[in-house]
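Close look at the chain arrangement
The lines below spell out each chain.
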Amino acid sequence: MKNIMKSIWYEILRRKTLIVLFFVFIAVMAISGFSATADATLGFERGGVSDMLAAHPWMPYEFPLLFLTIFVGYVCCEDYKDKVANYEILFGHSRKSIYFARSLMAIMIGTILTMLLSFLPLLVGNALAGWGDTLEFSDILLRYLLLGLPYLRLAAFLAMIAFLVKSPYLMIAVGIVISMMIGGLGDMVRHSSSVFLSLFNMIALTEYDGWCNYNIDPTIGTIRYYAYDSSIPASLVSGTIIASLLMTAFYLFMGYALFRRDELN
């Protein structure tokens, strides 16, 4: 497994495709965080990055999930184009070592990089406008750290899919579909407490209970005042941890069960 992982690292560094792509995503997330924080600061009385997070709860994960899908697809099935997996078997590597080397590397590194992208809007917004007092910082930090677990679970699912489709280009299409689904799913499961689907879990971690009051000003009209409860229930914390670990293990071993019977044409 170690030699296969080294060869994957070598290819990533040699081709530089994923490295360039990651910096593109960094730029996009930084610009998005800057723009959304500026808009939220203008639209709310108190301002700050916490206003932006309340107004755009999907921002931490909507675009980074596309990067996660591309990264997993690249690591798991880029070499299918030139039959590298076939050569690895001919050189004595077992299917088990090939599958777990590629999938574990894709899952772990992909999750870490996606987490970094998720934190960028928060960091940029905080530097621009400060935190504000709409949401509690400690609550949001815990919620964002817990996002790593649904990312891990989704990455394991994507690795299983990647070994089935054997095409990084199809994985890009999968990532686009996932990103497009997020807006509709948010409306669908906003009041759901389910943690067994990773996308539902992400929405639950980034949606906050809130209420709105308003006042009428004779000059500027309606002024709205928003309040949010950012505290995270213990059931959501425990459910996120347990469901993510169980489903990650399930996807890993299900993917291996399918890969070891693959013909590798």
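See the structure printed just above.
Residues numbered from 1 in each chain as written. Predicted model: local features only at pLDDT ≥ 70, side-chain atom pairs only at ≥ 80, totals over all residues. Heavy atoms only, no water.

Further remarks concern the environment of Leu53. Examined against the element boundaries, Leu53 turns out to sit in helix α3 (residues 49-55). Relative accessible area serves as the criterion here: at 2%, Leu53 is assigned to the buried category. When the C-alpha positions of Leu53 and Thr206 are compared, they lie 8.3 Å apart, and in sequence the two are 153 residues distant. (Helix = DSSP H or I, 4+ residues; strand = E, 2+ residues; numbered from the N terminus. Buried < 20%, exposed > 50% of the residue type's maximum accessible area, 1.4 Å probe, protein only.)

Here we come to the pattern of salt bridges. Per the counting criterion, the structure on display carries 2 salt bridges. The partner of Glu11 in a salt bridge is Arg14, with the nearest N and O atoms 2.8 Å apart. Taken together, the residues span about one helical turn, with Glu11 and Arg14 both in helix α1 (residues 2-15) at a distance of 3 residues. We note a salt bridge from Glu11 to Arg15, for which the minimum N-O separation is 3.0 Å. With Glu11 and Arg15 both in helix α1 and 4 residues apart, the pair spans about one turn of that helix. Relative accessible area serves as the criterion here: at 19%, Glu11 is assigned to the buried category. When its relative accessible area of 29% is taken as the criterion, Arg15 is described as partly exposed. One continuous salt-bridge network, built from bridges that share partners, spans Glu11, Arg14 and Arg15. (Salt bridge = Lys/Arg side-chain N within 4 Å of Asp/Glu carboxyl O.)

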